[in-house]
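Summary of structural features
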2 protein chains.
Amino acid sequence: MSQSSHASTASTLHEVARIAGVSPSTVSRILNGTARVSDDKRKAVEAAIANLSYKPNLLAQGLKKGRAMTIGILTQDLASPFFTEALMGVEAALAGSGYAPLIVSGHWHADEEAERVELLMARRVDGIVILSGSLSDKQIGRFAERLPIVATGRRIDTGQARGIALDQLEGARLATDYLLELGHRQIAFIAGLPEHDDARARLAGYRAALEAAGIAFNPALVVQGNFQESGGLLAVNELLETRQRFTAIFCANDQTAYGARLALYRRGIRVPDDISIIGFDDLPNSNYTTPPLTTVRQPVYEMGKQAARTVLQLLNGETPTLTQLPLELIMRESARRIL
Amino acid sequence: MSQSSHASTASTLHEVARIAGVSPSTVSRILNGTARVSDDKRKAVEAAIANLSYKPNLLAQGLKKGRAMTIGILTQDLASPFFTEALMGVEAALAGSGYAPLIVSGHWHADEEAERVELLMARRVDGIVILSGSLSDKQIGRFAERLPIVATGRRIDTGQARGIALDQLEGARLATDYLLELGHRQIAFIAGLPEHDDARARLAGYRAALEAAGIAFNPALVVQGNFQESGGLLAVNELLETRQRFTAIFCANDQTAYGARLALYRRGIRVPDDISIIGFDDLPNSNYTTPPLTTVRQPVYEMGKQAARTVLQLLNGETPTLTQLPLELIMRESARRIL
DNA sequence: TTGAAAGCGTTACCAG
DNA sequence: CTGGTAACGCTTTCAA
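In this text the structure is predicted, and so the values were computed from the model without any measurement.

1. Focus on the packing of helix α5 (residues 81–94) of chain A against helix α12 (residues 300–315) of chain A
All names here are of chain A.
- Close contact between α5 and α12 brings their axes to 7 Å; oriented N to C, the two are set at 40°. If you check the angle between α5 and α12, you find them oblique. In this structure, α5 meets α12 at a crossing whose hand is right-handed. Seen from α5, the contacting residues are F82, E85, A86, M88, G89, V90, A92, A93 and L94; seen from α12, they are V300, Y301, G304, K305, A308, R309 and L312.
- A per-class count over the contact of α5 with α12 returns 11 nonpolar, two polar and three charged.

2. What to know about the protein's contact with DNA strand C
- Around DNA strand C sit 26 residues in total, of which T26(A), R29(A), S38(A), L13(B) and Y54(B) are the nearest.
- Expressed as a percentage, the sugar and phosphate content of the atoms of DNA strand C within 4 Å of the protein is 62%.
- Interatomic distance of 2.7 Å between a side-chain N/O atom of Y54(B) and a phosphate oxygen of DNA strand C.
- Take Q61(B): an N or O atom from its side chain is 3.2 Å from a phosphate oxygen of DNA strand C.
- Only α2 (24–32) and α4 (58–65) of chain A together with α1 (13–20), α2 (24–32) and α4 (58–65) of chain B provide two or more residues apiece to the surface near DNA strand C.
- Along the lines of polarity and charge, the residues of the surface near DNA strand C split into seven nonpolar, 11 polar and eight charged.

3. A closer look at the domain arrangement of chain A
- Looking at chain A, the domain boundaries give domain 1 (3–65), domain 2 (70–166 + 300–325) and domain 3 (168–297).
- The distance between the C-alpha centroids of domain 1 of chain A and domain 3 of chain A comes to 60 Å.

4. Considering the UniProt feature "domain: HTH cro/C1-type" (unreviewed entry) in chain A
- According to UniProt, the feature "domain: HTH cro/C1-type" (unreviewed entry) maps to residues 12–41 of chain A in the numbering used here.
- In this annotation, residues 12–41 of chain A is assigned 67% helix and 0% strand; the end-to-end C-alpha distance for the span is 18 Å.

5. Re the relation of the copies chain B and chain A
- Aligned on chain A, chain B shows an RMSD of 0.1 Å; the corresponding rotation is 180° and the shift along the axis is 0.0 Å. The relationship between the two copies is best expressed as a two-fold rotation axis.
- The residues that chain B uses at the interface reappear at the interface of chain A in 100% of cases, marking a shared surface.

6. Looking at the environment of T242(B)
Residues and elements named next belong to chain B.
- When you line up the elements, T242 lands in the loop between α10 (229–241) and β9 (248–251).
- Judged by relative accessible area, T242 falls into the partly exposed class, the value being 45%.
- For T242 and A220, which are 22 residues apart along the polypeptide, the C-alpha to C-alpha distance reads 8.7 Å.
- Reaching out from T242, the side chain makes a polar contact with the backbone oxygen of L239 at a distance of 3.1 Å.

7. Points about the packing of aromatic side chains
- Counted according to the given criterion, the structure contains 12 aromatic pairs over all chains.
- On the basis of an interplanar angle of 85° and a centroid distance of 5.4 Å, the ring pair of F82(B) and F83(B) is categorised as edge-to-face.
- Take F83(B): its relative accessible area is 4%, and that puts it in the buried class.
- Ring pairing ties together the aromatic residues F189(A), Y206(A), F217(A), F250(A) and F280(A), which thus form one cluster.
- Its guanidinium or amino end placed over the ring of F217(A), R207(A) lies 3.8 Å from that ring's centre, counting from NZ or CZ.

Rules and cut-offs
- Position labels on residues start from 1 in each chain and follow its written sequence.
- Each chain is given a letter, starting from A, and each ligand a number, starting from 1, according to the order in which they appear as written.
- At least 70 in pLDDT is required for a residue's local features to be given in this predicted model, at least 80 for side-chain atom pairs to be given and counted, and no such filter applies to totals for whole chains, interfaces and linings, which use all residues.
- Hydrogens and water are ignored here; the side-chain numbers use all heavy atoms of the structure.
- Between N-to-C directions, angles span 0 to 180 degrees; the directions come from axes that are lines fitted to C-alpha atoms, helices contributing only their stretch in contact.
- Runs of E in the DSSP output that reach at least two residues are strands. Runs of H or I that reach at least four are helices, and both are numbered from the N terminus.
- If an angle is under 35 degrees, it is roughly parallel; if it is over 145, roughly antiparallel; if it lies from 65 to 115, roughly perpendicular; otherwise it is oblique.
- Crossings are classed by handedness, with left-handed meaning an anticlockwise turn of the near helix from the far one by less than a right angle and right-handed meaning a clockwise turn.
- Whether two residues touch is decided by their heavy atoms; if any such pair falls within 4.5 Å, the residues are in contact.
- When residues are sorted by character, Ala, Val, Leu, Ile, Met, Phe, Trp, Tyr, Cys and Pro go into the nonpolar class, Asp, Glu, Lys and Arg into the charged class, and all the rest, Gly among them, into the polar class.
- Any residue with a heavy atom lying within 4 Å of a molecule or strand is counted as near it.
- Definition of a polar contact: a pair of N or O atoms within 3.5 Å, with one able to donate and the other able to accept a hydrogen when the atoms are protein atoms, and with sequence-neighbouring residues admitted only if both atoms are side-chain atoms.
- The start and end points of each domain follow an automatic or database-based domain assignment.
- UniProt positions are given in the numbering used here, feature names are shortened, and annotations may be inferred rather than shown by experiment.
- Superposing the copies works by least squares over the C-alpha atoms of residues that have pLDDT at least 70 in both of them.
- Classification of residues uses two cut-offs on accessible area relative to the type maximum, computed with a 1.4 Å probe and protein chains only: under 20% is buried, over 50% is exposed, and between them is partly exposed.
- Here the aromatic set is Phe, Tyr and Trp, taking the six-membered ring for Trp, and pairing holds for ring centres within 6.5 Å; pairs whose planes are under 30 degrees apart are stacked, those over 60 apart are edge-to-face, and all others are tilted.
- Criterion for a charge above a ring: Lys NZ or Arg CZ within 6 Å of the ring centre, and within 35 degrees of the ring normal.

Dropping the structure here:
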């Protein structure tokens, strides 16, 4: 196209060999520790490597070995703290393994997700971690015919595919039970997007807890959110306008809770004095809201870590050991006993 | 090592050629649109590609072409909303360019950062975006001898290296001036980590604004934070314990402001009625704190976008057009006129 | 212990 | 318009 003042080209294994006065094979052997080499040659090679500051071309290596030493990560939303935390876990699990993460995002759109996975495979990643998303189990299964895949938020266990699911229903029950224990009887629920399995499971947990406590489910207390702050804000406004009576709000996730809390603040309704709020996720921020948010902690970091570790195990032909990660109620200050 | 039930191996260009009854060269030409091919052969090849669901091996392609179609991104902290937003900008700029981002993180540690950059180069990325960090301009310059690099938070413009810096001092002045306008005279400042250029520039901006307004700088009103919520919390406690009088707090970043706000909440001090708070960054969350946080918006998304776009331009041998991105005061509800 | 040579999956040059 | 061939940088037999 146009000529750019181009980079000083990187040194190759051949040059190292030439300078050290040995064959390329020998250099390769030293690099990979794949056979014994006499001390003098080793010295010469190491010197050459140092002063050329030679670094093997990972592309060539990957092509030759058939392994690119890369794990593909399909995330949905780089901006969401939830995914971000999972990513950190993945990063931690991969650290020191020799595998580098290749992160792409699918934006919750099945077509885009599939395309991204194809891209990862075209780059010959060795395994893939899928963080939630809208791909069907069937599609994932098909991809897993080619390489190991671990997907979160799913229960699969076929061939080279594994799923790591957290018990959302149980988490929602935990939250609702706690509110019940505190004496609340009219508990509103701001739901997540119904197309998300997680959202439906949380709603189910809320209902289950209510029923177990012998409280009739009141549909007017359930209002649709969108897993975002904006949805929480709107939902509370709606709740207030329809003049429902309630003393607590259970939000389908923390972001929703932030929005709900702001809506209450706008009307001068105090938390937790007038109304209790409880969230779901335990985002890092929830420790610093006013008041700090009582919520259900999802071990997202650990989940990411386990997912990546599992891919690594699959890659080594080991049998992965998947342990169920528990959700946990984090009691802070946004919910309190009803007087 | 151990034998795993291995993946069905991917199809190659040769197989496509064989099935379509043409030579590999022809397939390659069709794939790359690099020469005219007769319609019947094209049809045959396309059919073969479709039913093998063939995808070119990007490793081989990269090796051959010398371009891996990858842009390396060095970030510092995957969990920080600040970096996350920049990443989104990068992602947006890269979308549709054919280049994929390869994200690694350096955790604010120069050695680790350098190592990561080496890793990126070993993978033969075509260009690199460095989001802040502790690398010296000199080091970056050296790296840039090999490939185009755009770094944020720096002013460099040598060879293949470019810097994109936001005017931190100006931003801090904006915030301080605003507080001054609102009638505040005793303005505390919670500083960032002194080893960050940005932190020092913001402190300088604060002092400059004070001086311009003829207000003596009071060192007792400046307390050290750490750019995290915890630092803000501690800093406010310290301020309160030393019994300094102040009516407003300017925090070196939004996270600090969140912590500061919580410290105030804990003591029953109202914001903004008793004390005004102003932050720096405008993180997504700042729209949903109680009260919503008045802050200085850094166009981080745009910065990431511009950084990636610039790398692309450098790669094409175009002359990048860098425009200075302005900081902007976002007036929300955490600061108000003093009575 | 060492080197030569073949090949990983592509692309690009050169004939035809 | 098309096919053969060499080469990208590396690893891995196979001989020596």
